[in-house]
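# Structural features, examined
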Amino acid sequence: MELNKIEDILEKYFQGETTIAEEKELKEYFSSPNVAQHLEQYKPIFGYFSQVKQQKSTQNIPLKTKKRNVTWLSIAASVVVLLSIGTYFYVSEKNTAPVVAQSELGTYDDPEEALKATQKALALLSNNVNVGIESVQYIKEYEQSKNKIFKQ
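Let us look at the structure shown here. (Residues numbered from 1 in each chain as written. Predicted model: local features only at pLDDT ≥ 70, side-chain atom pairs only at ≥ 80, totals over all residues. Heavy atoms only, no water.)

Time to look at the overall build of the protein chain. Secondary structure assignment for the protein chain yields five helices and zero strands. When its helices and strands are written in sequence order, the protein chain yields α-α-α-α-α. A buried classification covers 9% of the 152 residues belonging to the protein chain. Accessible surface, the protein chain: about 14300 Å² in total, of which carbon and sulfur atoms supply 58%. (Helix = DSSP H or I, 4+ residues; strand = E, 2+ residues; numbered from the N terminus. Buried < 20%, exposed > 50% of the residue type's maximum accessible area, 1.4 Å probe, protein only. Areas by Shrake-Rupley, 256 points an atom, 1.4 Å probe, with all protein chains shown as cover.)

Right, here's the structure in full:
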C-alpha cells in the first residue's frame, strides 16, 4: 500500500500538484535505504535536496556600501550642468548685437557717411547685375552656335 501511495505522490510531484507535506514524504522515502527497485532512478533527484541543505556558504559578503560615491557623482553632475548653463547664457549675451530701434535703421547723421554707404550698396548691386549680363551673353553665343548647327 505504501509503495502505491509513493507512486501516486510521485506522479502528482511531476505534474506539479503536490503539497509541501507530500514532498517531505517523498524526500524521506528516497533518503531511506529501502527504495523500490523501479523507483531507484528518482533517488538522485530527492537526494540532491538533502545534500544542498547541508551545504553552507563560506564566502564573505562585504557590507560596505558605495553610497558616498553616488552622492559625490550627483553633486559633480549638478555643478557641470550649472556651469554649462551659465556659460551658454554668458556667450549668447556677448554675441548678440545691440538692439537698434526700428526708426533708426537706414538713417545717417553725416551726409558724407550716407553717401559712402549708398555708393557701397550700389556697387554691390552693380557687380551682381554685371554677373547676370555676362550670363546672358553666354546664352546669346549658345543660341548663335545652335542656329549655325541646326539651320531652320
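Next comes the rest of the description.
This next bit is on helix α1 (residues 2-15). In this model, α1 (14 residues) spans 20 Å end to end at C-alpha, consistent with the 20 Å of a helix rising 1.5 Å per residue. Considered for burial, the residues of α1 that qualify are Ile6, Ile9 and Leu10. Summarising the axial view, the buried residues of α1 lie within an arc of 105°, below the 170-degree limit, and thus occupy one face. Turned more than 90 degrees away from the buried face of α1, the exposed residues are Asp8 and Gln15. (Expected span 1.5 Å × (residues − 1). Arc of directions from axis to C-beta.)

Okay, a negative patch on the surface next. Taken together, the side chains of Asp109, Asp110, Glu112 and Glu113 present a region of like negative charge at the surface. You can see Glu112 is positioned in helix α5 (residues 111-149). Among the residues examined, Glu112 registers a relative accessible area of 59% and is labelled exposed. (Patch = residues over 30% accessible without salt bridge, like charges linked within 9 Å, V, L, I, M, F, W, Y side chains within 5 Å. Salt bridge = Lys/Arg side-chain N within 4 Å of Asp/Glu carboxyl O. Lys, Arg positive; Asp, Glu negative; His and termini not counted. Charge placed at Lys NZ, Arg CZ, Asp CG, Glu CD.)

The subject of this paragraph is the pattern of salt bridges. Here the structure, examined in full by the defined rule, presents two salt bridges. Residues Glu22 and Lys12 are paired through a salt bridge, measuring 2.9 Å at the closest nitrogen-oxygen approach. Of this pair, Glu22 sits in helix α2 (residues 20-31) while Lys12 sits in helix α1, placing them ten residues apart in sequence. What makes Glu22 buried here is its relative accessible area of 16%. The class of Lys12 is partly exposed, set by a relative accessible area of 32%.

Applying the stated criterion to the full structure yields four aromatic pairs. Plain terms: the ring middles of Phe14 and Tyr42 are 5.3 Å apart, the flat faces sit at 50° to each other, and that makes the pair tilted. Note that Phe14 is positioned in helix α1 and Tyr42 in the loop between α2 and α3 (43-54), a separation of 28 residues in sequence. Each ring, one from Tyr29 and one from Phe30, has its centre 5.2 Å from the other, and the planes form 80°; the classification is edge-to-face. For Tyr29, a relative accessible area of 10% puts it in the buried group. By relative accessible area, which is 1% here, Phe30 ends up buried. Through successive ring pairs, a cluster of aromatic residues spans Tyr13, Phe14 and Tyr42. (Phe/Tyr/Trp six-rings, centres within 6.5 Å; stacked < 30°, edge-to-face > 60°.)

Okay, the nonpolar core next. In this structure, Ile6, Ile9, Leu10, Leu26, Tyr29, Phe30, Val35, Ala36, Leu39 and Phe46 together form the largest nonpolar core, which totals ten residues. Among the elements of the structure, α1 and α2 are those that each provide at least two residues to this core. Dropping the residues within four chain positions of it, Phe30 is found in contact with Leu10, Val35, Leu39, Tyr42, Lys43 and Phe46. (Core = buried A, V, L, I, M, F, W, Y, C linked by side-chain atoms within 4.5 Å. Contact = heavy atoms within 4.5 Å.)

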